[in-house]
Amino acid sequence: MTDSKYFTTTKKGEIFELKAELNSDKKEKKKEAVKKVIASMTVGKDVSALFPDVVNCMQTDNLELKKLVYLYLMNYAKSQPDMAIMAVNTFVKDCEDPNPLIRALAVRTMGCIRVDKITEYLCEPLRKCLKDEDPYVRKTAAVCVAKLHDINAQLVEDQGFLDTLKDLISDSNPMVVANAVAALSEIAESHPSSNLLDLNPQSINKLLTALNECTEWGQIFILDCLANYTPKDDREAQSICERVTPRLSHANSAVVLSAVKVLMKFMEMLSKDLDYYGTLLKKLAPPLVTLLSAEPELQYVALRNINLIVQKRPEILKHEMKVFFVKYNDPIYVKLEKLDIMIRLASQANIAQVLAELKEYATEVDVDFVRKAVRAIGRCAIKVEQSAERCVSTLLDLIQTKVNYVVQEAIVVIKDIFRKYPNKYESVIATLCENLDSLDEPEARAAMIWIVGEYAERIDNADELLESFLEGFHDESTQVQLQLLTAIVKLFLKKPTETQELVQQVLSLATQDSDNPDLRDRGYIYWRLLSTDPVAAKEVVLAEKPLISEETDLIEPTLLDELICYIGTLASVYHKPPSAFVEGGRGVVHKSLPPRTASNESTESPETAPAGAPSGEQPDVIPSQGDLLGDLLNLDLGPPVSGPPLATSSVQMGAVDLLGGGLDSLIGAPNFVTPPAATAPANLGAPMGSGLSDLFDLTSGVGALSGSYVAPKAIWLPAMKAKGLEILGTFTRQVGSISMDLQLTNKALQVMTDFAIQFNRNSFGLAPAAPLQVHAPLSPNQTVELSLPLSTVGSVMKMEPLNNLQVAVKNNIDVFYFSTLYPLHILFVEDGKMDRQVFLATWKDIPNENEAQFQIRDCPLNAEAVSSRLQSSNIFTVAKRTVEGQDMLYQSLKLTNGIWVLAELRIQPGNPSFTLSLKCRAPEVAQHVYQAYETILKN
């Protein structure tokens, strides 16, 4: 009879009956009673009252009964810790039993009883089992150490179990080796700083020997451990790859993926010129293809991993396009993943085949799949230039089908094709405009509006088309509203006379009738641009657009390298690093691929920009240095042209009719002359705090009035080099405004007048925000002090060194040139305090090679004083903690051009030397930020 009978009874008084049976003298009756107890426990009844009676049954030679009692014990030990101590003696006895199965069972159960009181009693039995002569007991004991470490890490370290575990890596039995590796890896994950798995060529050799003989899960543990090892040179990497390659033909897909992970990682170290490198590429393709013949769930996991592999090394699967063609009975999640990989593998050689396949998919019944297929055709056009013509005609054929969702997707991708190939396919615009009425999805409507605005001069009735969208402006989604606002402003700048009413209508809808802050802000910016400086408006709104890159959806390279190290895990399915989804991030270590050998080039095409890096923080936005002297000599030394109004100018909302006069003069003047009233922003030097700023109380609590540290004035231009004009100066930053404080002295014999100043292009766009105003002529031996407000909206060019500023000063005698270095802290802005979570995520996201370390010596301040002194110069402390007696300050600052710098400052109380670690996406600023720290802390 089966055991199901134990689960059927539910009668009153059962506990008393069971108690009696458990204390029976008959062995069979005892066993039956324990089975009933376990059955009741399994279905959720509380049978903890029988604890002492069940524990009494432990004293038996019957293995089946012992297993049942141990099962009961594991379940109830936590709720009955005092009772559980009664079982300790039996454990100790069972660990010395002649039967290895009983010894292993005892040690396994001991590891599962998570009760602190009992733990210390189990150390002796565990120590014996770790050195047991039977490998089955040793392998069970190895896993028990990891479980015990989870309960009480300190105890495991004090008892020396970790050293015993390390010794087990050299065990003669492969299963013991695998379990020892698994246990050490588990412990190392929760203690990333400890170097438990101290791998060296000898221990690697032992692991590789065990690899061939242990079970499949043992192989996975060993392969995962190998993946964490960095070989000392390419010869060792090749030797390991050769011994791991046979695992690719294993029947278990997890073993295959773990082997692929090891090979992908070590291939980084192999030179591409090696014959073996080519052989390895060929060997990697068949196992990956085989994974695609498994059941759909496994296929999906394999496809997500292949997606990463193809981004890293497309050459592995470049001849295997056909296996990624979609089958009619594939589930949708597999279909979409296959489509993605097809596009990644598309090249000139196979594009005809791919396009024929995609066109077929676009006639399927599954809407999501069809949309993705249409989008894929557009991505192919962008990726393979030779196929663009064919892709566009395919998309036009699909538009002719008049299937609503196909038309909408086609319009979205054609917008991207226009961006990639300007002035090539605009002949299709007429066809697109015919389908205007059928568009009901925000993305398609926004794409169509963008096309109409961008090519307004080619579309006769562009104003009518955009006006038709304007009728239901408030019912549109934000995406469409923003696009419509920009398109109408573009149209107005191209055809000002015909569309004045239309632009006024959209600007008032966006600014006065909308409660969306993004839309309002964009509306006000356009309104002010149009009314104060139409030339600037044209430059901003109709600026040359950067071409879109070949693969906008590539994973950012540093993240991709990290994900390659996690092939075969959840991270490779989510395409996110473990720190993004593991609760609390305990034990999550950032992994990276080993450094490449000198002859090994990256497989990535040079055009591929890191997709994940925010554009504002790319260091290469600064153009390289040109002919500086030529630039300076060409300076037009008239009064500076006023740029866009500065943040310092006070604007009273409502008091100014923003469009009044501005647009009329725009229409009246075909040459787009700036209205005279708007040439110079009022109140240039005024601090923030009047007008608009006060509405939001921007200055309260930001950067106390003491301002940042100001260096004493230094001689910038000696009198002997400037025909008697001596200039001393320094830079200041107060409440968001940067100034150049100058002292001019006339040491010549004649009066000096007509002063003007101009800066050459520089790394951070510093420029005078007002003319140099010396109100009275400067008589011989007279000195005048003045403050010149600066803006950061001037022309940008990377200087050497980065903070070099070249200045030209003119007076009635001559033009004089000099250069000076400005301290970087004048560029640290007031909103540079980062949120803690954002700081943590950004610190992890910036590659380790961008980290720079510096020593600040002879600084006797404590952590509090350091923090407050730095804060006055806009270096903000995000968090503070004390580690091993050291104060750690985590700080952030932001430069005027949007570059963030993250810092970790270690201060040992009583030691005047500090360690400063800086991380930034533009590493060239680190040295200057360190100098700013030195300057601020020592003055």
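From a predicted model like this one, the values you see are computed outputs, not experimental measurements.

Colleague: What exactly am I supposed to notice about the packing of aromatic side chains here?
Modeller: For any pair of aromatic rings, the description rests on two quantities: the centre-to-centre distance and the angle between the ring planes. Applying the stated criterion to the full structure yields eleven aromatic pairs. Between Phe418 and Tyr455, the ring centres sit 5.3 Å apart and the planes meet at 80°, which makes this aromatic pair edge-to-face. One end of the pair, Phe418, is in helix H24 (residues 404–420); the other, Tyr455, is in the loop between helix H26 (442–454) and helix H27 (462–470), and 37 residues separate them in sequence. No difference in accessibility class separates Phe418 from Tyr455, as the two residues are buried.

Colleague: Whenever I open this one, the sheet that holds strand S3 (residues 737–746) confuses me. Can you help?
Modeller: Read across the open sheet, the five strands follow the order S1-S2-S3-S6-S5; overall the sheet is antiparallel. Whereas interior strands pair on both sides, the edge strands pair on one side only; in this sheet they are strand S1 (714–717) and strand S5 (767–768). In this sheet, strand S2 (residues 725–734) lies alongside S1 in antiparallel orientation, the contact comprising three bridges. Within S2, the position partnered with Leu717 by the bridge is Ile727.

Colleague: Could you clarify how one ought to interpret the nonpolar core in this entry?
Modeller: For soluble globular proteins, nonpolar side chains are generally found buried alongside one another. In this structure, Tyr72, Phe91, Leu126, Val244 and Phe418 are the most contacted members of the largest nonpolar core, which totals 213 residues. When residues of this core are assigned to domains, at least three fall in each of domain 1 (346–439) and domain 2 (441–532). Ranked by size, the runner-up nonpolar core spans 64 residues in total, among them Leu744, Cys859, Leu918 and Val925.

Colleague: Quick question: what am I supposed to make of the sheet that holds strand S7 (residues 804–810) here?
Modeller: Neighbouring strands of a sheet are bound in pairs by backbone hydrogen bonds; such pairs are parallel or else antiparallel. Ordered by their spatial adjacency, three strands build an open sheet running S4-S7-S8, and the pairing between neighbours is antiparallel. Edge positions in the sheet fall to strand S4 (756–759) and strand S8 (815–821), since each of these pairs with one other strand and no more. For this sheet the average axis-to-axis angle between neighbouring strands, irrespective of direction, equals 25°. Across seven bridges, the pairing between S7 and S8 is antiparallel. From the neighbouring strand, Lys810 faces S8, where its bridge partner is Val815.

Colleague: What's the story with the pattern of salt bridges in this structure? I'm lost.
Modeller: Two side chains bearing opposite charge may form a pair once their charged atoms approach each other closely. The final tally for this structure, using the stated rule, is 33 salt bridges. Here Lys494 makes a salt bridge to Glu457, at a shortest N to O gap of 3.0 Å. Pair noted here: Lys494 is in helix H28 (residues 478–494) and Glu457 is in the loop between H26 and H27, with a separation of 37 residues, a long-range link.

Colleague: How should helix H10 (residues 135–151) be read in this particular structure?
Modeller: Since the α-helix turns once every 3.6 residues, residues separated by three or four places project in the same direction. For H10, which comprises 17 residues, the first-to-last C-alpha distance of 25 Å matches the rise-based estimate of 24 Å (1.5 Å per residue) to within 8%. Those residues of H10 that sit buried are Val137, Arg138, Thr140, Ala141, Ala142, Cys144, Val145, Ala146, Leu148, His149 and Ile151. Those residues of H10 that are buried are in contact with helix H7 (100–112), helix H8 (116–119), helix H9 (123–130), helix H11 (153–158), helix H12 (161–168) and helix H13 (174–190). Where H10 begins, one side-chain oxygen reaches toward the backbone nitrogen of Tyr136, 2.8 Å away; that side chain belongs to Asp134.

Colleague: Mind showing me how you'd approach a negative patch on the surface here?
Modeller: A cluster of like negative charges, contributed by Glu464, Glu467, Glu471 and Glu501, occupies part of the molecular surface. Mapped onto the fold, Glu501 is located in helix H29 (residues 500–511).

Colleague: Is there a simple way to think about helix H38 (residues 863–871) in this case?
Modeller: Within H38 the residues assigned to the buried category are Ala863, Val866, Ser867 and Leu870. For H38, the angular spread of the buried residues around the axis is 95°, confining them to a single face. On its buried face, H38 is in contact with strand S10 (876–883), strand S11 (886–894), strand S12 (900–907), strand S13 (914–920) and helix H39 (926–938).

Colleague: Would you explain the confidence of the model for the protein in this entry?
Modeller: For residues with low pLDDT, the predicted coordinates do not support detailed interpretation. This prediction gives the protein a mean pLDDT of 80; 85% of its residues lie at or above 70. Segment residues 598–705 is flagged for pLDDT under 50; beyond a separation of four residues in sequence, or across chains, it makes 158 contacts in the model.

Colleague: I keep staring at unusual backbone geometry and nothing clicks. Help me out?
Modeller: Both trends apply: most residues other than glycine have a negative phi, and most peptide bonds are in trans. Note that the residue after Glu800, namely Pro801, is joined by a cis bond; omega there is -5°. Looking at the element boundaries, Pro801 is found in the loop between strand S6 (783–791) and S7. Of note, Val735 is a non-glycine position whose phi angle comes to about 45°, a positive value. Relative to the helices and strands, Val735 resides in the loop between S2 and S3.

Colleague: Help me out: how do you make sense of the pairing of S12 in this one?
Modeller: The side chains of a regular strand alternate, first on one face of the sheet and then on the other. Counting buried residues along S12, seven of its eight residues qualify, which places the element largely inside the surrounding structure. As paired strands, S11 and S12 are joined by eight bridges and run antiparallel to one another. When the bridges of S12 are listed, Met888 appears paired with Arg906. Hairpin connection between S11 and S12: a loop of five residues separates the two successive antiparallel strands, and Gly898 in this loop has a positive phi of roughly 90°. Sheet topology note: the S12/S13 ladder contains seven bridges and is antiparallel. By the bridge assignment, Glu904 is partnered in S13 with Ser917. Once S12 ends, the chain turns through six residues before running back antiparallel as S13, passing Gly910 with a positive phi of about 90°.

Colleague: Is there a simple way to explain the packing of H26 against H27 in this structure?
Modeller: Packed helices, taken two at a time, are described by the angle their axes make and the gap between the axes. Packing of H26 against H27 leaves a shortest axis separation of 10 Å and a crossing angle of 155°. Taken together, the axes of H26 and H27 are roughly antiparallel relative to one another. The two elements H26 and H27 cross, and the hand of that crossing is left-handed. On H27, the residues touching Arg445, Ile449 and Val452 of H26 are Ala462, Leu465, Leu466 and Phe469.

Colleague: Teacher, can you tell me more about the environment of Ser791 here?
Modeller: Within the fold, Ser791 resides in strand S6. Given the relative accessible area of 8%, Ser791 is considered buried.

Colleague: So what exactly am I meant to see when it comes to the packing of helix H17 (residues 253–267) against helix H18 (residues 275–291) here?
Modeller: Taken N-terminus to C-terminus, the directions of H17 and H18 make an angle of 155°; their axes are 11 Å apart at the nearest point. Relative to H18, H17 is oriented roughly antiparallel. Relative to H18, the crossing made by H17 is left-handed. Contact with H17, carried on its side by Ser253, Val256, Leu257, Val260, Leu263 and Met267, involves Tyr277, Leu280, Leu281, Leu284, Pro287, Leu288 and Leu291 of H18 and no other residues of that element. A per-class count over the contact of H17 with H18 returns twelve nonpolar, one polar and no charged.

How each quantity is defined
- Residues numbered from 1 in each chain as written.
- Predicted model: local features only at pLDDT ≥ 70, side-chain atom pairs only at ≥ 80, totals over all residues.
- Heavy atoms only, no water.
- Phe/Tyr/Trp six-rings, centres within 6.5 Å; stacked < 30°, edge-to-face > 60°.
- Helix = DSSP H or I, 4+ residues; strand = E, 2+ residues; numbered from the N terminus.
- Buried < 20%, exposed > 50% of the residue type's maximum accessible area, 1.4 Å probe, protein only.
- Pairing = 2+ DSSP bridges.
- Core = buried A, V, L, I, M, F, W, Y, C linked by side-chain atoms within 4.5 Å.
- Domains from an automatic or database assignment.
- Axes fitted to C-alpha atoms, helices over the stretch in contact; angles between N-to-C directions.
- Salt bridge = Lys/Arg side-chain N within 4 Å of Asp/Glu carboxyl O.
- Expected span 1.5 Å × (residues − 1).
- Contact = heavy atoms within 4.5 Å.
- Polar contact = N/O pair within 3.5 Å; in protein donor to acceptor, adjacent residues only side chain to side chain.
- Patch = residues over 30% accessible without salt bridge, like charges linked within 9 Å, V, L, I, M, F, W, Y side chains within 5 Å.
- Areas by Shrake-Rupley, 256 points an atom, 1.4 Å probe, with all protein chains shown as cover.
- Lys, Arg positive; Asp, Glu negative; His and termini not counted.
- Charge placed at Lys NZ, Arg CZ, Asp CG, Glu CD.
- Arc of directions from axis to C-beta.
- pLDDT = per-residue confidence, 0-100.
- Parallel < 35°, antiparallel > 145°, perpendicular 65-115°, else oblique.
- Left-handed = near helix turned anticlockwise from the far one by under 90°.
- Nonpolar A, V, L, I, M, F, W, Y, C, P; charged D, E, K, R; others polar.

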